[in-house]
Amino acid sequence: MKNLRDFTHEDLLAVISELGERPYRAEQIFRWVFQRRATSIDQMTDISKAFRERLKEEYAITGNTVLEVKRSVDGTRKFLSELADSSRIESVLIAEGDRLTLCVSSQAGCAMGCKFCMTGMSGFTRNLTLAELSGQVISAFELLEGTEHITNIVLMGMGEPLANYDNVLKFIGVLTSNMGFNFSHNKVTLSTAGLVPAIKRFGQEGNANLAVSLNATTDEVRDKIMPVNRKYPIEELMAELRRYPLKSRKYITIEYVLIAGLNDTDDDARRLSRLLRSIPCKVNLIPFNSFPGSSFASPSPERVERFHYIIKQAGYTVIVRLSKGAEIQAACGQLRGAYEG
Ligand code: SF4
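Residues numbered from 1 in each chain as written. Predicted model: local features only at pLDDT ≥ 70, side-chain atom pairs only at ≥ 80, totals over all residues. Heavy atoms only, no water.

**Quick look at the pairing of strand E14 (residues 317-320)**
Heads up, the condition is: For two strands to be treated as a pair, DSSP must find at least two bridges joining them. In this text, helices come from DSSP runs of H or I with a minimum length of four residues, and strands from runs of E with a minimum of two, each type numbered from the N-terminal end. Orient the strands so they point away from the viewer, and a crossover whose first-strand-to-second-strand path over the helix runs clockwise is right-handed.
Here strand E13 (residues 281-287) pairs with E14 via four bridges, running parallel. For Lys282, the partnering residue across the bridge sits in E14 and is Thr317. With helix H11 (residues 301-313) bridging E13 and its parallel neighbour E14, the resulting β-α-β unit is right-handed.

This is how it looks when you write it as structure tokens:
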């Protein structure tokens, strides 16, 4: 059986034409699957019973199975989903003020091997399909309470989204389609560890905010904590960001995990300010949060404040992102509580 959650509107147009039906059927099905979050073809009551029966011969709607939901006192919820092949992925709903951000995983595991990241240390399984990506959004909708609604989506969970390029691009299409989840493009952010050729491609083809996880100001340190730097060193990455086509009033988010004694000195802050010159950006500083098996330590609040001060003095918009839901180990991997909207 093929899963209808794996089909974009364009894909459905092809399916429909093959089945000899009129094109508007594709829009009906697409809306049922993503906007109305149907869980079975039988729910599509504006489609004739005969056609539904035909569809059911080859197609079904299958979701991720939510195994566990952990809720922290600040309203942040982390949920663990199981996929058809028993792979498990995490997603997090991060509550902050009037924002509720869903952090989505793009891969089961991650091949990037960042040393400050729990996911990176446990290896890569596979890319997620469009159905598994959008399934996280649908599961999150089911966890909402009262008048809550998701305001932002970040691809910042397990995995390197640009290493799952095609499915992630389709997913962003479904997220932002007014027949799909209908999020505004500027409420969706993709975060990358710095795959330079894919950043270039995303700049041409993608339509969402870009965040880059930088985390060091010298190749020596970045090589150590982010193996991707050996392939795409800092200068190459910065050159690509300088060229990156930004729509009006948009900026790139630079994420910087502060790790005690490794990348949090005054010199680092000054180098970071120089590196970012001529890149329209906002800086997110994320004090490292230790996890079992990690050899890194969190910086002191004074160090974070001083680093923040230097970047701010250099004229950048900079914020310190504190961990949300720390007690439930929220956020898969990368950047606990680091998101942008
Ligand atoms: S930080 Fe992101 S890119 Fe790096 S290993 Fe973790 S999940 Fe992968």
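Read on, since the account is not over.
**So, the pattern of salt bridges**
Our working rule: In what follows, salt bridge is the name for a side-chain nitrogen of Lys or Arg lying within 4 Å of a carboxyl oxygen of Asp or Glu. Exposure classes here rest on a 1.4 Å probe applied to the protein chains alone. A residue is buried below 20% of its type maximum, exposed above 50%, and partly exposed in between.
This structure, assessed with the given rule, holds 22 salt bridges. A salt bridge links Arg77 to Glu148; the shortest N-O distance between them is 2.7 Å. Of this pair, Arg77 sits in strand E4 (residues 77-82) while Glu148 is found in the loop between helix H4 (130-143) and strand E9 (152-155), placing the two residues 71 residues apart along the sequence. On the basis of relative accessibility, which here comes to 2%, the residue Arg77 falls in the buried class. Judged by relative accessible area, Glu148 falls into the partly exposed class, the value being 26%. Asp166 is paired through a salt bridge with Arg201; the nearest N and O atoms lie 3.6 Å apart.

**Digging into the environment of Ile41**
Defined as follows: Two residues form a contact once any of their heavy atoms are found within 4.5 Å.
With respect to the helices and strands, Ile41 occurs in the loop between helix H2 (24-35) and helix H3 (49-58). Residue classification places Ile41 among the buried residues on the basis of a relative accessible area of 4%. Taking the C-alpha atoms as reference points, Ile41 and Glu142, separated by 101 residues in sequence, lie 19 Å from one another. Once residues within four sequence positions are removed from consideration, Ile41 is found in contact with Leu4, Arg52, Leu55, Lys56, Tyr59, Ala60 and Ile61.

**Section: the sheet that holds strand E11 (residues 209-213)**
Spelled out, the test is: Orientation is described by lines fitted to C-alpha atoms, with helices fitted over the stretch in contact, and by angles between N-to-C directions that extend from 0 to 180 degrees.
Spatial ordering of the open sheet is given by E3-E4-E5-E6-E9-E10-E11-E12-E13-E14, a layout of ten strands whose pairing is mixed. Unpaired on one side and paired on the other, strand E3 (65-71) and E14 mark the two borders of the sheet. On average, each strand axis in the sheet is inclined to that of its neighbour by 20°, with strand direction left out of account. Inspection of the sheet shows E3 paired to E4 by six bridges, in the antiparallel sense. The partner of Lys70 across the bridge, within E4, is Lys78.

Such coordinate-based values are descriptive only and should not be taken to indicate function.
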